[in-house]
Amino acid sequence: HHEAPAVTLKITVNSPEQMGELGRRLAKLLRPGDLVMLTGELGAGKTTLTRGLGEGLGVRGAVTSPTFVIARVHPSLGEGPALVHVDAYRLGGGLDEMEDLDLDVSLPESVVVVEWGDGKVEELSDDRLRVVIDRAVGGTGGDAADGAADEVRDVTITGLGARWADADLASLGA
Ligand code: ADP
Ligand code: MG
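Here the structure is a predicted model, which is why all the values come from computation and not from measurement. (Residues numbered from 1 in each chain as written. Chains lettered and ligands numbered in written order. Predicted model: local features only at pLDDT ≥ 70, side-chain atom pairs only at ≥ 80, totals over all residues.)

### Comments concerning the overall build of the chain
Right, so step 1: Helix and strand content of the chain: four helices and seven strands.
Right, so step 2: Counting from the amino terminus, helix and strand elements in the chain follow one another as β-α-β-α-β-β-α-α-β-β-β.
Right, so step 3: Looking at the chain as a whole, 34% of its 174 residues qualify as buried. (Helix = DSSP H or I, 4+ residues; strand = E, 2+ residues; numbered from the N terminus. Buried ≥ 20, exposed ≤ 12 C-beta atoms within 10 Å, placed from the backbone.)

Structure follows, in structure tokens:
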């Protein structure tokens, strides 16, 4: 018995539009029961990525940053899974609030995307896609053809668990 190796892809994203495109590509790899955790500071682009993902999945309603809502369900417009978009920023570390969301109930039928979920949602599943978005500070600077320097993001995508062991993450960077 051994753990499945983690699969990792690192890519550079140069604009909000490219982040949306990454989300649309990512949607093609996802299926019901998948848990995606998004890590990155405020303004990194977590919600922008989720918006593209929702477009790629073909779900109802625009993905936005919820101000008061912690979890929003976007039903599929077709045959695909629903998107459950969670912003766990205001959730304490306590399990009670997490449990009230019943993510374990919705997960098998849905793609669950959680912003700020580190330390809060890991026990939902051993199989997780972890997306870390970093502002690429101190990089090569602005390149007019490639967008402004402050729009550059380093994105690291890691598949954890058997679900992702054979996943074609490289297709996301193509
Ligand atoms: P988060 O959910 O991580 O707080 P948002 O997606 O809500 O972040 O906001 C990201 C902001 O940064 C948006 O205003 C977006 O236009 C801007 N932005 C600039 N460059 C990028 C990029 N490469 N990817 C995503 N968002 C970017
Ligand atoms: Mg957000």
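### Let's talk about the sheet that holds strand β4 (residues 82-87)
Right, so step 1: Pairing in this open sheet of seven strands is mixed, and the strands run β1-β7-β6-β2-β5-β4-β3 from one edge to the other. Each edge of the open sheet carries a strand with a single partner, namely β1 (7-13) and β3 (71-74). When the angles between neighbouring strand axes are averaged without regard to direction, this sheet yields 15°.
Right, so step 2: In terms of strand pairing, β3 meets β4 through four bridges, oriented antiparallel. By the bridge assignment, H74 is partnered in β4 with L83. (Pairing = 2+ DSSP bridges. Axes fitted to C-alpha atoms, helices over the stretch in contact; angles between N-to-C directions.)

### Focus on the nonpolar core
Right, so step 1: Within the largest apolar cluster, 34 residues are counted, with the highest numbers of intra-cluster contacts made by V36, V112, V113, V114 and V131.
Right, so step 2: For this core, the secondary-structure elements that each account for two or more residues are α1 (16-29), β2 (35-39), α2 (46-57), β4, β5 (110-115), β6 (128-135) and β7 (153-160).
Right, so step 3: When near neighbours in sequence (up to four residues on either side) are disregarded, V113 contacts V36, L38, T50, L53, L83, H85 and V86. (Core = buried A, V, L, I, M, F, W, Y, C linked by C-beta atoms within 7 Å. Contact = placed C-beta atoms within 7 Å.)

### Comments concerning the site of ligand 1
Right, so step 1: Ligand 1 sits among 16 residues. The nearest are M19, G45, K46, T47 and E151.
Right, so step 2: Elements supplying a minimum of two residues to the shell around ligand 1: α1 and α2.
Right, so step 3: Here the shell around ligand 1 gets three residues from one element, more than from any other, and that element is α2.
Right, so step 4: Of the residues belonging to the shell around ligand 1, the class tally is five nonpolar, seven polar and four charged. (Near = placed C-beta within 6 Å. Nonpolar A, V, L, I, M, F, W, Y, C, P; charged D, E, K, R; others polar.)

### A closer look at the pairing of β5
Right, so step 1: Counted residue by residue, β5 has six buried out of six residues, so it is predominantly covered.
Right, so step 2: Judged by which residues are buried, β5 turns out to be covered on both faces: S110, V112 and V114 on one side and V111, V113 and E115 on the other are all buried.
Right, so step 3: Pairing geometry for β2 and β5, over four bridges, is parallel. Looking at the pairing, L35 lines up with V112 of β5.
Right, so step 4: Where β4 meets β5, six bridges bridge the pair, whose relative direction is parallel. Each residue of the ladder has a partner; that of V86, found in β5, is V114.

### A few points about the confidence of the model for the chain
Right, so step 1: Within the chain, residue pLDDT values average 89, and 89% of them lie at 70 or more.
Right, so step 2: Here the complex is predicted with pTM 0.91, and the ipTM for its interfaces comes to 0.99. (pLDDT = per-residue confidence, 0-100.)

### Let's talk about the packing of α1 against α2
Right, so step 1: In the contact formed by α1 and α2, the axes pass within 7 Å of each other and the chain directions differ by 45°. The angle between α1 and α2 places the two elements in the oblique class. Considering the relative orientation of α1 and α2, their crossing is right-handed. Together, P16, M19, G20, E21, L22, G23, R24, L26, A27 and K28 of α1 and T48, L49, T50, R51, G52, L53, E55, G56 and L57 of α2 make up the contact between the two elements.
Right, so step 2: When the residues that make up the contact of α1 with α2 are grouped by side-chain class, the tally is eight nonpolar, six polar and five charged. (Parallel < 35°, antiparallel > 145°, perpendicular 65-115°, else oblique. Left-handed = near helix turned anticlockwise from the far one by under 90°.)

### Considering α1
Right, so step 1: An ideal rise of 1.5 Å per residue puts 20 Å on 14 residues; α1 measures up with 21 Å between its terminal C-alpha atoms.
Right, so step 2: Q18, M19, G20, L22, G23, L26 and A27 are the residues of α1 that are buried.
Right, so step 3: As for α1, its buried residues are in contact with β1, α2 and β7. (Expected span 1.5 Å × (residues − 1).)

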